[in-house]
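Chain and residue survey
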Amino acid sequence: MSNVARNPVALDATYAATPGDVTRTTCPYCGVGCGVLVKKTADAVSVEGDPDHPANFGRLCSKGLALVDTLGRDNRLLYPLIKDERVSWDRATDVIADKFRSIIAEHGPDAVAFYVSGQILTEDYYVANKLMKGFIGSANIDTNSRLCMASSVTGHKRAFGADSVPGCYEDLELADLIVLTGSNLAWCHPVLYQRILAAKEKRPGLKIVVIDPRKTATCEFADLHLAIAPDSDVALFQGLLNYLDKRGGRNDIFIRNHTNGADTALNAAKTHTLGCVADETELHEGDIIAFYELFLSTRKTVTVYSQGVNQAADGSDRVNAIINCHLLTGRIGEPGMGPFSVTGQPNAMGGREVGGLANQLASHMELGDPVHRDLVQRFWTAPRMAEKPGLKAVDLFEAIHAGKVKAVWIMATNPVASMPNADRVREALKKCELVVVSDVNANTDTAACADILLPSASWGEKNGTVTNSERRISRQRRFLKAPGEARDDWRQFCDVAVKMGWGEAFSYEAAADIFREYASLCAFENDGARDLNLSALKDIDAQGYDALAPVQWPVSENIVKGKARLFADGRFFTQNGKASFIVPAASPDKQTTPDFPFVLNTGRIRDHWHTMTRTGRSARLSQHFAEPFIEISPRDAERLRIKDADIVRVSSLYGLALTRALVTDRQRDGSVFAPMHWTEEFSSKGRIDALVAAVTDPLSGQPALKSGAARIERFDAAWHGFGVLATRDFSGAVMPAGADYWAKARIEGGLRAELASAMDYKNIRFAADAFFEPVLERHATEAQVIQYCDRRRGVHRFAVFIGDRLKGAFFMAKTPVEISRSWACELLGRSFAPQERVAVLAGRPGDDAPDRGAIVCTCMNVGANEIAGAVAKGCTSLAKIGAATGAGTNCGSCRGEIKRLLPETADAQT
Ligand SMILES: Nc1nc2c(c(=O)[nH]1)N[C@H]1C(S)=C(S)[C@@H](COP(=O)(O)OP(=O)(O)OC[C@H]3O[C@@H](n4cnc5c(=O)[nH]c(N)nc54)[C@H](O)[C@@H]3O)O[C@H]1N2
Ligand SMILES: Nc1nc2c(c(=O)[nH]1)N[C@H]1C(S)=C(S)[C@@H](COP(=O)(O)OP(=O)(O)OC[C@H]3O[C@@H](n4cnc5c(=O)[nH]c(N)nc54)[C@H](O)[C@@H]3O)O[C@H]1N2
Ligand code: SF4
Ligand SMILES: [Mo]
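Residues numbered from 1 in each chain as written. Chains lettered and ligands numbered in written order. Predicted model: local features only at pLDDT ≥ 70, side-chain atom pairs only at ≥ 80, totals over all residues. Heavy atoms only, no water.

1. Quick word on the site of ligand 3
Condition: Working definition: residue near molecule or strand if any one of its non-hydrogen atoms lies within 4 Å of it. Secondary structure elements are taken from DSSP: a helix is a run of H or I of four residues or more, a strand is a run of E of two residues or more, and numbering for both begins at the N terminus.
Surveying the vicinity of ligand 3 reveals the residues Cys27, Tyr29, Cys30, Gly33, Cys34, Leu60, Cys61, Lys63, Gly64, Pro190 and Val191. Among the elements of the structure, α1 (62-65) and α7 (190-202) are those that each provide at least two residues to the shell around ligand 3.

Right, dumping it as structure tokens:
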């Protein structure tokens, strides 16, 4: 696999640091934590996978490969701003310190809060946590990991006595059965998925079972897909526990020596007979038995789970229902087996380690434990330790809304787009006395609510560490100078801490100083009772930190190289050293009602990252999906008179969204799926979290983001539009007034936009001119607009030229505009002789520019039509498609989608 990014990006001269070297760093996206080699020449940067990094061994996915597209100044926040006025850092931090101090003096420490993120580095996180919990004296620091990993943390703690991930990535290659539940690994942890596929290719006996209500790209290579009813996971795994018990699956020696509570758990699972499980999960009994038999007969089993498990009102119980099955069979701590919660963000794990959650202390210690509190207080010589757990994310924003929390500092997260009941979150921030937002991007939905905006150094501009899903600590290294006055996140906290009077405790000069302190705290009075031990790193110096190789904790005097697997000795971190079976509580109520009958499932797509503040800057990554959509089953669509590509109105008790309909039999009846990515930066009404209720798991506080309730209706559009436009100012390009629906995406040299309106334009030329405005304004005299109108059919097409170059095209119709998007995007900026210009208005690709269809392979820029063409010419395997078109031959993230385009009988192996 070559895996080298095409198109190294040219950087502006002020931005490039010392040329000519190679930096080893870590990808800032998902929790796989891939090693990246960054190569710099005098004026360009390129990235490739680090062949020596044990997470990826040289592989990168489409997002990792496009990292260079996200560098540069476009949309960057460059200076501190107070109410949109540029100020100095000194002034900004003065105001923050003063305001925090006066609010604390008047209302106590719990009247202030931090809301941080699994995307800051361990060092940033450690400092934030120390400041809030040891100096301000409140535990009101929570993180977006509450929306992501909290249920896994609760599950781990209940079962193992600590938040410890037992296994490692190699287990996936050593397993004979991999169960992927609530995980779209092919899109969300693509390099791990590729590692699994490579192992399966070598050893076809390796079986994959996917449990997901939707048929996702991850299912394409699975041996069995269980499309379970939403929210029936506990029933499925309780049934499995019962089945294993009845069929001789118990490991009695392990249960006796290493576990607590097996009998009670088995007793509680008894009612989960096959018939009962089939009822609850709406699966065929045969499929359930097939899964249970595979699990029963395969000792080397890994169960991988992610948000389809965690983001539920019974998320913690789902986690424990899975772990119970591994405890019953004694499948934990040995190669090729174990429950495996894969983390989402690059440093979700690091944040848990330094105590980023409101109910934790640093270094995996408990806020509720007086011994731990005392230990940490002495280590920090902290003047005012938090005494009780702080507010969890949903409660925190409620407290802001209620005026109880009066100042909040938000860092590296975009809650106005990513929190449930997001309109209320925005309302809360609007009411809050002081909202500080530290971000790299100037235009986020949350930044729009800030009183003070602080510019942060971004990936590549800062030093620190992250911990991936397998407990592996890797360095992120700086290779670029931060633009403008952007500053490290940890330094921002330190600057304010100093001004609040705690200079001595926050006098770090570099990230290495913070890391050393953190490692020392992990080692401090740790006789082995605490899982997280970094004592081998507690004296690390600057050089050692610079050279730190990826390592899996614990790393201590006795375990200098780190440890791939925990619990090999059968000892856990509970009081008696045994792991605990947990009995799940009764299942939570469904949210759907007759008014809002659809289960609203939300999640991710392959090429975008969360609220798109970074991936949305990449033209390459914006072509896979260029607008918000909702997946709906053909039967439901027909019943609601919704055709594929119609605009639909999705509403709930809390808000509404407009998105494109994607009618697909991969979706179950009664449920819909929408991506979480679109914000007001990219769409008129794509912010799906405005609709999601803030229902949480009572134990973990994690919101049930996969099972909202919604009503779906066809949006009666009077007209639809599609356009491309040459512009450098993506954010400044405003869509025509009256466009109820719009979504814009970056393309090479400008943007593309999809539009729809309920209003019938009297003057259609007006809409086109409004769309072309950025071009018309700059080139008032030279711009030439040509047009084609068929009033009877309601088809209108416009193109604007400067000289012979196409600067924009705008297509309007009564029905969704049927022209090739990839073709239109590629026309932008091309030159046309006068007689050729009508070809643009014809809206059809000519022979010289065939219609690629929707782009499937982002790396090699291959569209669905090209793949279909290759299939028609006899390419019936992934290998042949790859040889003929190049599709799927680079990062491999698209292989599932290519396989879907092959005939059923095709040879799936590469
Ligand atoms: N491309 C991309 N990759 C990412 C991210 C990204 O934004 N983009 N984000 C990263 C982050 S922070 C995270 S947390 C991870 C998330 O990674 P994943 O958890 O794999 O991703 P999601 O799409 O949120 O949800 C996974 C699946 O859960 C299924 N699901 C819904 N309801 C249920 C249910 O009741 N039971 C079961 N068993 N399944 C259900 C959904 O249909 C969905 O396919 O991805 C990480 N990787
Ligand atoms: N409906 C629904 N909602 C969800 C989910 C879902 O599945 N469905 N998933 C949830 C999950 S698992 C997650 S993890 C969250 C993610 O949600 P968010 O964390 O809100 O999403 P991001 O877009 O990753 O936001 C990161 C922000 O940090 C900025 N940033 C990037 N790098 C840096 C940096 O180095 N320093 C600073 N200061 N800022 C930086 C980015 O510009 C961006 O604004 O969403 C949650 N919300
Ligand atoms: S799988 Fe992709 S997004 Fe995740 S760390 Fe690796 S390259 Fe980055
Ligand atoms: Mo996440």
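Having seen the structure, we can now continue with the description.
2. Observations regarding empty space enclosed by the protein
This is how it is decided: A cavity, in this analysis, means grid points on a 1 Å lattice covering only the protein atoms where a 1.4 Å probe fits yet has no way out; a pocket is instead an open set bounded by protein on both sides within 12 Å along at least five of seven lines, and a residue lines either one if it has an atom within 4 Å of a point. Grid points are joined across faces, edges and corners, and a volume is the space filled by probe spheres set on the points. Note that Gly is not counted as nonpolar here; it falls among the polar residues with everything else outside the nonpolar set of Ala, Val, Leu, Ile, Met, Phe, Trp, Tyr, Cys and Pro and the charged set of Asp, Glu, Lys and Arg.
All chains considered together, the criterion is met by five cavities of 30 Å³ or more. Taken as a whole, the second largest cavity holds about 80 Å³ of empty space. As for the second largest cavity, its lining consists of Cys27, Tyr29, Cys30, Val32, Gly33, Cys34, Leu60, Cys61, Lys63, Gly64, Pro190 and Val191. Contributing elements (two or more residues each) for the lining of the second largest cavity: α1 and α7. Taken together, the residues of the lining of the second largest cavity sort by class into nine nonpolar, two polar and one charged.

3. Re the site of ligand 2
Put simply, the rule is: Polar contact is the term for a pair of N or O atoms within 3.5 Å; when the atoms are in protein, one must be able to donate a hydrogen and the other to accept it, and sequence-neighboring residues count only if both atoms are side-chain atoms. Note that accessible areas follow from Shrake-Rupley with a 1.4 Å probe, and for residues the cover is restricted to the protein chains shown. What counts as a domain boundary in this text is fixed by an automatic or database domain assignment.
The environment of ligand 2 is made up of 32 residues, and the closest members are Gln119, Asn144, Ser418, Asp439 and Thr611. Separating a nitrogen atom of ligand 2 from a side-chain N or O atom of Asp489 is a distance of 2.8 Å. Thr602 is positioned such that a nitrogen or oxygen atom in its side chain is 2.9 Å from a nitrogen atom of ligand 2. With the chains in place, 99% of the 920 Å² that ligand 2 exposes on its own is no longer accessible. No fewer than three residues from each of domain 2 (81-149 + 347-552) and domain 4 (598-714) sit in the shell around ligand 2.

4. Observations regarding the domain arrangement of the chain
Buried accessible area, meaning the area lost when the parts come together, often serves as the stated size of an interface. Counted only if it meets this: Note on contacts: a residue pair qualifies if any of its non-hydrogen atoms lie within 4.5 Å across the two residues. Throughout, the accessible surface (probe 1.4 Å) given up by two parts as they are put together, summed over both, is called the buried area.
Looking at the assigned domains, one finds that the chain contains domain 1 (9-70), domain 2 (81-149 + 347-552), domain 3 (150-341), domain 4 (598-714), domain 5 (719-842) and domain 6 (855-901). One C-alpha centre belongs to domain 1, the other to domain 2, and the line joining them spans 26 Å. If you look at the interface, domain 1 gives 23 residues, while domain 2 gives 17 residues. Counting the surface lost from both domain 1 and domain 2, the interface buries some 1,500 Å², and carbon and sulfur atoms represent 60% of this. Where domain 1 meets domain 2, there are eight residue pairs in polar contact (both at pLDDT 80 or more). In terms of residue count, strand β2 (residues 22-26) provides more of the side of domain 1 that touches domain 2 than any other element does, four residues in total.

5. Let's talk about the nonpolar core
Filter applied, for reference: Residues belong to a common nonpolar core when they are buried Ala, Val, Leu, Ile, Met, Phe, Trp, Tyr or Cys residues joined through side-chain atoms within 4.5 Å. In this scheme, a residue with accessible area under 20% of its type's maximum is buried, one over 50% is exposed, and one in between is partly exposed, where area comes from a 1.4 Å probe on protein chains only.
In terms of nonpolar packing, the biggest core is built from 93 residues, with Val304, Phe810 and Ile881 touching the most fellow members. Phe810 has contacts with Phe722, Gly723, Leu755, Ala767, Ala768, Phe771, Phe772, His796, Arg797 and Phe798, leaving out every residue within four places of it along the chain. Counting 70 residues, the second-largest nonpolar core is a separate cluster that includes Ile82, Ile96, Ala111 and Ile540.

6. Points about the packing of aromatic side chains
Where we set the bar: In this analysis, rings of Phe, Tyr and Trp, with Trp reduced to its six-membered ring, are considered paired at centre separations within 6.5 Å, and the interplanar angle assigns stacked below 30 degrees, edge-to-face beyond 60, and tilted for intermediate values.
This structure, assessed with the given rule, holds 32 aromatic pairs. Ring centres of Phe114 and Phe493 lie 5.0 Å apart, and the angle between their planes is 40°; this geometry places the pair in the tilted category. Taken together, the residues span a long stretch of sequence, with Phe114 in strand β7 (residues 112-116) and Phe493 in helix α20 (residues 489-499) at a distance of 379 residues. Across the pair, Phe493 and Phe114 agree in class, each one buried. Seen from their ring centres, Tyr115 and Phe397 are 5.1 Å apart, and the 85° between their planes marks the pair as edge-to-face. Of the two residues, Tyr115 sits in strand β7 while Phe397 sits in helix α17 (residues 393-401), which places them 282 residues apart along the sequence. A residue is classified by how much of its surface remains accessible, and Tyr115, at 0% relative accessible area, is buried.

7. Quick notes on the side chain of Lys130
As for its placement among the helices and strands, Lys130 is situated in helix α3 (residues 122-136). Polar contacts involving the side chain of Lys130 include one to the side chain of Glu517, which spans 2.9 Å.

8. As for the sheet that holds strand β17 (residues 407-411)
To keep it simple, the criterion reads: What makes two strands pair is DSSP finding at least two bridges between them. Note on definitions: angles span 0 to 180 degrees between N-to-C directions of axes, and those axes are lines fitted to C-alpha atoms, for helices only across the stretch in contact.
The sheet built from seven strands is open, its strands ordered β6-β5-β19-β18-β17-β7-β8 with mixed pairing. Edge positions in the sheet fall to β6 (85-86) and β8 (141-143), since each of these pairs with one other strand and no more. Direction of pairing for β7 relative to β8: parallel, over a ladder of three bridges. Within the sheet, the bridge partner assigned to Tyr115 lies in β8 and is Asp142. α20 contacts β7, β17, β18 (434-439) and β19 (452-455) of the sheet and is inclined by roughly 155° relative to β17.

9. Comments concerning the packing of α3 against helix α21 (residues 511-523)
What describes two packed helices is the angle between their axes and the distance between those same axes. This is how it is decided: Here roughly perpendicular refers to angles of 65 to 115 degrees, roughly parallel to angles under 35, roughly antiparallel to angles over 145, and oblique to all remaining angles. With the far helix as reference, a near helix turned anticlockwise by less than a right angle produces a left-handed crossing, and one turned clockwise produces a right-handed crossing.
Orientation of α3 relative to α21, taken along the N-to-C sense of each, is 65°, at an axis distance of 9 Å. One way to sum up the angle between α3 and α21 is to call them roughly perpendicular. Judged by the sense of rotation from one axis to the other, the crossing of α3 with α21 is left-handed. Residues Thr122, Glu123, Tyr126, Val127 and Lys130 of α3 form the contact with α21, whose participating residues are Ala511, Ile514, Phe515, Glu517, Tyr518 and Leu521. In terms of residue class, the contact of α3 with α21 is made up of seven nonpolar, one polar and three charged.

10. Quick word on the confidence of the model for the chain
Selection rule: pLDDT runs from 0 to 100 and stands for how confident the predictor is about each residue.
Mean pLDDT for the chain: 93, with 96% of residues reaching 70 or above. Segment residues 906-910: pLDDT under 50, and 15 contacts once partners within four positions in sequence are set aside and those in other chains are kept.

11. Topic: helix α19 (residues 422-431)
Selection criterion: Note: the arc covers the axis-to-C-beta directions of the helix.
If you check which residues of α19 are buried, you get Ala422, Val425, Arg426, Ala428 and Leu429. Mapping the buried residues of α19 onto a view down its axis gives an arc of 160°, with all of them on the same face. In α19, the exposed positions angled more than 90 degrees off the buried face are occupied by Lys430 and Lys431. Close packing links the buried residues of α19 with α17, β17, α18 (415-418) and β18.

12. Remarks on the environment of Ser683
Structurally, Ser683 can be placed in the loop between β28 (671-675) and β29 (708-714). The class of Ser683 is buried, set by a relative accessible area of 1%. Taking the C-alpha atoms as reference, Ser683 lies 37 Å from Gly155; in sequence the two are 528 residues apart. In contact with Ser683, other than residues within four places in its own chain, are Pro628, Trp678, Trp742 and Ala743.

13. A closer look at the pattern of salt bridges
Counted only if it meets this: The working definition used for a salt bridge is a side-chain nitrogen of Lys or Arg within 4 Å of a carboxyl oxygen of Asp or Glu.
In this structure the tally under the stated criterion is 65 salt bridges. In this structure, Arg752 engages Glu754 in a salt bridge whose closest nitrogen and oxygen atoms are separated by 3.6 Å. We note that Arg752, like Glu754, is buried.

14. Quick look at the sheet that holds strand β20 (residues 464-467)
Taken in spatial order, the three strands line up as β20-β21-β22 in an open sheet, and their pairing is antiparallel. Single-partner strands in this sheet number two, and they are β20 and β22 (551-552). Pairing analysis gives four bridges linking β20 to strand β21 (residues 472-476), with the strands arranged antiparallel. Paired with Thr467 across the two strands is Ile473, which belongs to β21.

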